Every structure is written in structure tokens, then in C-alpha cells.
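One letter stands for each residue in the lines below.
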Amino acid sequence: MKKVMLPLSLLIPCLAFNATANSDVRFISYDGEKLAENKQQLDKYSLAMDTLISSADKALKRKIDPVVNKTLLPASGNKHDYYSFGPYWWPNPDTKDGLPYIRKDGVYNMDTKTSATDKQRMITFAKDVKSLGLAYYFTGNESYSEKAREQLVAWFVDPDTRMNPNLQYAQAIPGIVDGRGIGIIDSRLLIGVMDSVELIKPELNEDEYKAIVKWYTDFTHWLVTSDNGFEEDNWHNNHGTWFDAQVVAFSIFTNQMDQAKQRLRITQMRRIGNQFDIEGKQHAELERTKPWHYSNFNLEAYNLLGHYGELVDVDVWNYSVDKHSLKNGYKYVSSAIINPESWTYNDQEKKDMKTAYINMLTAKDVYKDSDFDKAVSALQKDHQNLIDNLLF
């Protein structure tokens, strides 16, 4: 294996986030003190732990499946380049070869999740590594950290199987474009992977850890310098928010703190004022065919951004401009949970309350507002088995 050399600045340890909770672990997306507290009273979270262990045990049995295993190749012809195509795009019924594909908003083309391309394998990889990292933290079972290490080496280190650090060919549209900036939404899953790198760090040797940090450094550079990244940065909806979340998370992980702070300032000034009206409505999400899903999906990114702001001293939680604020965004969703009849958008949408519950847990923790207490209480009984309960 080739040794990967990093600039000295990247080898200097980052801020010891939540160091008082566990001096051996650097927590980025997680609150280390809360995890440590919950670890001491796992009997309170037996259902969540059952879910976590079940997920981690399944991950132990799964074969390593890196990007080089796909059977369709991107326009580059390089099997190391991540490749996916847009989930809401379908073969054209008016042409013999189905090209060019046509868009059906909200209608998911399950062919986009086969093993022929990389979207599903990244989903599986990211979910497995996240579960393995948390299971190792809460149980100390080294079989979990060993499997996570094997996954990380295959995806980021081994030159025969590693993914190239870009999403140049993500969410291509057959017959139209080789890849799109909108495809960068796929790599949001690498945030949870990043956190598990820190949780299982004792299992990694020095060269492996440096190589993973180097991969994330290169990927972050691609995000902020590529045409695809520029395109995604300029989306006014959840795509722009998740772009911010990735840039900030990966900048913190790779010790680029000035870049993280600058991006959080963009979140404050560009996203919040534009995405939330005075009532907290997210019009760019409400106009979609799945307004409940997308409103909560966007807030999910803010759950991370608000926390990262705490780490680097940029207050996202309480930022407001002309009475437009993030808190009002959470409030608008909480009101629909407490009074379901107040939600008047697409009554045919089947509302998945999982993400809404996580959003309300976050808002309850941050804002100490009785509306969020009520919203959590309304959803808690049906979501006690969620792994996320271990994080709050």
C-alpha cells in the first residue's frame, strides 16, 4: 500500500470536541457528553440498542461492495468514479431506446438503486459503517470496529477498490447529461461515515487514517471548486442546505476550520432568510409532490449545521433576518404534528414521521420550547426503537 503524505497542518489534531466525554474520541456530528451519559444507562434505551445491534450484526455479514463492482460505467469509463442516475427520471415511452429519459417528480425509479450503479451500494456502505461505529462505541465489541475498518479501507484507501474523490458522474440523466451537481446530495451519507472513522480510530493504523483524511480533503476540495459543486451550492432548496452540511462537516474533519466557519456564515445569510418565511414555511419544499418529506429532509440538514456551528462558534440556531429564522421552521413542523389538520399540503402524501421526530428531538434540545416538548411526546411512543434516541 502506498503511503499517503499530508500537509503538516492536516496532521495536527483538530479541536478536541467534547473531549471531556471521552478523551480518545473526537466527536463531530455527535454530542460526546450525551453519548457518554447514555452509554452509562443503556437500559433506558433497550429498544434503540436492539435496533442498533441488529443493524450492526447484519453489517458484519455483508460482503464488502466497493464502487469498482458496478456493471455500468460512467462517461469517464473509470470504474473508480462513482456513478448514479437521477431517481425521478424514466425511460422515454415515445422512443425505441428510451432516450432521452423524462422526469416524473416524486415517482421513484427503482432501477436507479440496482447494483449496476453505485447509489444503493453507497447507501448500504454508509448505513453499515455508521451502525458499526456506533455499535462499537456503545458495546466495545471489536468485531464491529474491524468490519468498519475493512469497509473504510476498501472505499477510501486500497488503490484497487477505492472511490475517486468526486461525484462528477452522480445523477446522470441517460441521453441528456453525464452527471449533475444535483447528484452531490448522494454524498451526504458520507457524513455518518466520517463520524465512524473517529469512533473506530483505534482500529485504524496511522497510514490508513491519514489516507482517509486525505480522501475527504480531496473530496471537499472538489466540492468547493468543481462546476458540479458550484451548481449545487446555488440551489435554493434542500440541495443547497445539504451542500453546506457536507462542506462544513468535512472541513471540520480535515481541520479546515476557516472554511467551515465561512460556509456556516453562508448558511446564515443565504439559506435561512431565503428558505423560511416569517411563519417558518419552506416554500421551495412545500411546492414539491412530497412537501412533508422535503420540509423535514431540509431541517435534517440544519440539525447538523446548527451543531457544527456550536463547535466553531457560529450561531446558526438563533440567527434571524427580518424575522425569518430557523426556529420558526421547526415551529411550523411542530404545529402540524400537534394539530395535524393545520397541514394543508398534499393530503395524499403518506407522512413518514421518523425524520420529523428526529427534528423535534433536536429542536427540543436546542430551544427549550414547550411546543417541541409536545411534538416529541406525540411521536415518541411510536419511535422508541430508533437508533437516534441514543444520540440525545
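Keep in mind that what you see is a predicted model, and the values were worked out from it rather than measured.

**Some points on the overall build of the protein**
And then number 1: Scanning the protein from N- to C-terminus turns up 15 helices and six strands.
And then number 2: Here the C-alpha atoms of the protein give a radius of gyration of 21 Å, agreeing with the 21 Å that 2.2 N^0.38 yields for 392 residues.
And then number 3: A principal-axis box enclosing the C-alpha atoms of the protein has dimensions of 60 × 55 × 40 Å.
And then number 4: For the protein, buried positions account for 55% of its 392 residues.
And then number 5: Carbon and sulfur atoms form 49% of the exposed surface of the protein, whose accessible area is close to 17500 Å².
And then number 6: Between the mean site of the 46 positive side-chain charges and the mean site of the 54 negative ones, the protein shows a separation of 2 Å.

**Considering the environment of Y137**
And then number 1: Turning to its location among the elements, Y137 is positioned in helix 4 (residues 119–139).
And then number 2: For Y137, a relative accessible area of 6% corresponds to the buried category.
And then number 3: Polar contacts involving the side chain of Y137 include one to the main-chain amide nitrogen of A36, which spans 3.3 Å.

**Description of the environment of P74**
And then number 1: Following the sequence through the fold, P74 ends up in the loop between helix 3 (46–61) and strand 1 (83–85).
And then number 2: What makes P74 buried here is its relative accessible area of 5%.
And then number 3: As for P74 and E206, which are separated by 132 residues in sequence, their C-alpha atoms are 33 Å apart.
And then number 4: Dropping the residues within four chain positions of it, P74 is found in contact with D81, Y83 and Y169.

**Here we look at the pattern of salt bridges**
Side chains that differ in sign of charge can pair as their charged atoms come close.
And then number 1: Under the definition given, this model contains 21 salt bridges.
And then number 2: Of the charged contacts in the structure, one is a salt bridge between R103 and D105, with a shortest N-O distance of 3.1 Å.
And then number 3: With relative accessibility at 43%, the residue R103 sits in the partly exposed group.
And then number 4: Overall, D105 belongs to the partly exposed group, its relative accessible area being 26%.

**Some details on the packing of aromatic side chains**
And then number 1: Going through the model one piece at a time under the given rule, you end up with 24 aromatic pairs.
And then number 2: With 4.9 Å between their ring centres and 90° between their planes, W292 and W343 make a pair best called edge-to-face. Here W343 lies in the loop between helix 13 (326–338) and helix 14 (354–367) and W292 lies in helix 12 (residues 291–312), a separation of 51 residues in the sequence. Across this residue pair, the class does not change: W292 and W343 are buried.
And then number 3: Between the aromatic rings of Y330 and Y367, the centroid separation amounts to 6.1 Å while the plane-to-plane angle is 55°, which identifies the pairing as tilted. Of this pair, Y330 sits in helix 13 while Y367 sits in helix 14, and the two are 37 residues apart along the sequence.

**Thoughts on a positive patch on the surface**
And then number 1: A cluster of basic residues, K58, K127, K130 and K354, forms a positive patch at the surface.
And then number 2: Inspection of the secondary structure assignment puts K130 in helix 4.
And then number 3: The exposure class assigned to K130 is partly exposed, which follows from its relative accessible area of 34%.

**Re the nonpolar core**
And then number 1: Membership of the largest hydrophobic core comes to 106 residues, with the highest contact counts inside it found for F156, Y216, Y308, L326 and Y330.
And then number 2: Sequence-distant contacts of L326, defined by excluding residues within four places in its chain, comprise I272, F276, L299, Y302, V316, W317, Y319 and Y367.
And then number 3: Within the second largest apolar cluster, seven residues are counted, among which are Y83, W89, Y101 and A172.

**Section: the packing of helix 12 against helix 13**
And then number 1: With their axes 11 Å apart at the nearest point, helix 12 and helix 13 run at an angle of 140° to one another. Here helix 12 is positioned oblique relative to helix 13, judged by the angle of their axes. Where helix 12 crosses over helix 13, the handedness of that crossing is left-handed. Where helix 12 approaches helix 13, its residues W292, N296, L299, Y302 and N303 are matched on the opposing element by L326, G329, Y330, V333, A336 and I337.
And then number 2: Taken together, the residues that form the contact of helix 12 with helix 13 break down as eight nonpolar, three polar and no charged.

**Thoughts on unusual backbone geometry**
And then number 1: The omega angle of the peptide bond from L99 to P100 is -10°, so this bond is cis rather than trans.
And then number 2: Relative to the helices and strands, P100 is located in the loop between strand 2 (89–90) and strand 3 (102–103).
And then number 3: Located in the positive-phi region is D313, a residue other than glycine, with phi close to 65°.
And then number 4: One non-glycine residue, N346, lies in positive phi territory at about 40°.
And then number 5: On the secondary structure map, N346 appears in the loop between helix 13 and helix 14.
And then number 6: You can call N346 partly exposed: its relative accessible area is 32%.

**Looking at helix 10 (residues 257–275)**
And then number 1: For helix 10, built from 19 residues, the straight-helix expectation of 27 Å at 1.5 Å per residue is met to within 8% by its first-to-last C-alpha distance of 25 Å.
And then number 2: At T267, helix 10 is bent by approximately 30°, the largest bend along its length.
And then number 3: Along helix 10, the residues that are buried comprise M257, A260, R263, L264, T267, Q268, R271, I272, G273 and Q275.

**Regarding helix 15 (residues 370–380)**
And then number 1: Within the span of helix 15, buried status applies to F372, A375, V376 and L379. Projected down its long axis, helix 15 carries its buried residues within an arc of 100°, all on one side.
And then number 2: Tucked into the core, helix 15 has its buried residues touching helix 13 and helix 14.
And then number 3: If you check the start of helix 15, you find a side-chain oxygen 2.8 Å away from the backbone N of D371, and it comes from D369.

Cut-offs and rules
Residues numbered from 1 in each chain as written. Predicted model: local features only at pLDDT ≥ 70, side-chain atom pairs only at ≥ 80, totals over all residues. Heavy atoms only, no water. Helix = DSSP H or I, 4+ residues; strand = E, 2+ residues; numbered from the N terminus. Rg over C-alpha atoms; globule rule 2.2 N^0.38 Å. Buried < 20%, exposed > 50% of the residue type's maximum accessible area, 1.4 Å probe, protein only. Areas by Shrake-Rupley, 256 points an atom, 1.4 Å probe, with all protein chains shown as cover. Lys, Arg positive; Asp, Glu negative; His and termini not counted. Charge placed at Lys NZ, Arg CZ, Asp CG, Glu CD. Polar contact = N/O pair within 3.5 Å; in protein donor to acceptor, adjacent residues only side chain to side chain. Contact = heavy atoms within 4.5 Å. Salt bridge = Lys/Arg side-chain N within 4 Å of Asp/Glu carboxyl O. Phe/Tyr/Trp six-rings, centres within 6.5 Å; stacked < 30°, edge-to-face > 60°. Patch = residues over 30% accessible without salt bridge, like charges linked within 9 Å, V, L, I, M, F, W, Y side chains within 5 Å. Core = buried A, V, L, I, M, F, W, Y, C linked by side-chain atoms within 4.5 Å. Axes fitted to C-alpha atoms, helices over the stretch in contact; angles between N-to-C directions. Parallel < 35°, antiparallel > 145°, perpendicular 65-115°, else oblique. Left-handed = near helix turned anticlockwise from the far one by under 90°. Nonpolar A, V, L, I, M, F, W, Y, C, P; charged D, E, K, R; others polar. Expected span 1.5 Å × (residues − 1). Bend = angle between axes of the 7 residues up to and from the residue. Arc of directions from axis to C-beta.

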